[in-house]
Amino acid sequence: MYNRIPLIIQHPSSKVYYKEFAEKMQDIQNKVNPALCLCDEEYLTMFSEFFPTSKTTTSEEIITVVKPIPTTLANDTAFLQLSSGTTGNVKVIEITHRQLIENCQEYAPQAELPSDSIIASWLPLYHDMGLVATVLLPVIVDCK
């Protein structure tokens with residue numbers, strides 16, 4: 001709704017060597033060239049290295065910076081998803097609003113999720129199942 005296409009990326013981790021992290025961030029920069037990178041204060045220096053427009057901010061500040069667009073179309077990109085990159089460089093996949101809604105509407109009955117379901121997960125938001133199945137699916141099919 002704010003004419004922005006979000007992409008959630010993995011934050012630096014002690015489980016990943018810096019060189020591998022740097023290569024992945026450079027690959028993302030080359031493929032996506034983000035206009036803005038929002039991050040926690042503790043990661044600002046590291047992300048600024050790859051994304052010069054990195055900054056920390058609050059959600060309220062973001063809303064005042066961008067203007068809502070009047071409509072969102074079904075085939076508009078809802079978000080970008082990155083492949084894991086375990087078999088090579090990361091791939092950027094565009095997910096449309098239609099794909100997201102249809103996927104969630106098909107998934108919920110298969111997972112037997114009535115509206116009084118409560119979903120919890122350990123998966124991070126940069127993981128497709130973490131974002132879709134535990135954050136967006138509850139919003140789309142109206143469960144907790």
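Residues numbered from 1 in each chain as written. Predicted model: local features only at pLDDT ≥ 70, side-chain atom pairs only at ≥ 80, totals over all residues. Heavy atoms only, no water.

Undergrad: I keep staring at the overall build of the chain and nothing clicks. Help me out?
TA: Secondary structure assignment for the chain yields five helices and four strands. Put simply, the chain runs from its N terminus to its C terminus through helices and strands in the order α-β-α-β-α-β-β-α-α. Counting across all 144 residues of the chain, residues that qualify as buried make up 26%. For the chain, contacts bridging at least 24 residues in sequence account for 52% of all contacts bridging at least 6. Within the structure as shown, the chain displays about 10,000 Å² of accessible surface, and the carbon and sulfur contribution to it stands at 55%. (Helix = DSSP H or I, 4+ residues; strand = E, 2+ residues; numbered from the N terminus. Buried < 20%, exposed > 50% of the residue type's maximum accessible area, 1.4 Å probe, protein only. Contact = heavy atoms within 4.5 Å. Areas by Shrake-Rupley, 256 points an atom, 1.4 Å probe, with all protein chains shown as cover.)

Undergrad: Is there a simple way to think about the packing of aromatic side chains in this case?
TA: Remark: the centre distance and the inter-plane angle together describe each pair of aromatic rings, the angle taken between the planes. In total, this model carries five aromatic pairs according to the counting rule given. Centroid distance tyrosine 18 to phenylalanine 50: 6.5 Å. Interplanar angle 35 degrees. Geometry classified as tilted. In this pair, tyrosine 18 is assigned in helix H1 (residues 18-32) and phenylalanine 50 in helix H2 (residues 44-50), connecting sequence segments 32 residues apart. For tyrosine 18, a relative accessible area of 40% gives the class partly exposed. You can call phenylalanine 50 buried: its relative accessible area is 9%. (Phe/Tyr/Trp six-rings, centres within 6.5 Å; stacked < 30°, edge-to-face > 60°.)

Undergrad: Please clarify how the state of the cysteines should be interpreted in this entry.
TA: The bond known as a disulfide is covalent and runs between the sulfur atoms of two cysteines. Applying the stated rule across the entire model yields zero disulfides. Free of any disulfide, cysteine 39 has its nearest cysteine sulfur in cysteine 37, 5.0 Å distant. Residue classification places cysteine 39 among the buried positions, given a relative accessible area of 12%. Residue cysteine 143 stays outside any disulfide, its sulfur separated by 9.4 Å from that of cysteine 104, the closest cysteine. (Disulfide = S-S within 2.5 Å.)

Undergrad: Quick question: what am I supposed to make of the pairing of strand E3 (residues 77-82) here?
TA: As a general feature of sheets, a regular strand has side chains that alternate between the two faces. Taking burial as the measure, the six residues of E3 include six buried ones, the bulk of the element. With five bridges connecting them, E3 and strand E4 (residues 92-96) associate as antiparallel partners. When the sheet's bridge partners are listed, leucine 80 is paired in E4 with glutamate 94. (Pairing = 2+ DSSP bridges.)

Undergrad: Got a minute to help me understand the pattern of salt bridges in this structure?
TA: Pairing is possible between side chains that carry opposite charge, provided their charged atoms lie close to one another. Going through the model one piece at a time under the given rule, you end up with two salt bridges. Its salt-bridge partner being aspartate 27, residue lysine 31 comes within 3.2 Å of it at the nearest N-O pair. Here lysine 31 pairs with aspartate 27, and both are found in helix H1, just four residues apart, close to one helical turn. Residue classification places aspartate 27 among the buried residues on the basis of a relative accessible area of 11%. (Salt bridge = Lys/Arg side-chain N within 4 Å of Asp/Glu carboxyl O.)

Undergrad: What am I meant to see in a nonpolar patch on the surface here?
TA: Among the surface-exposed residues, Ile8, Leu125 and Val135 lie close enough to one another that they form a single nonpolar patch of about 200 Å² accessible area. With respect to the helices, strands and loops of the structure, leucine 125 is situated in the loop between helix H4 (97-110) and helix H5 (128-141). Leucine 125 sits in the partly exposed class, given a relative accessible area of 40%. (Patch = residues over 30% accessible without salt bridge, like charges linked within 9 Å, V, L, I, M, F, W, Y side chains within 5 Å.)

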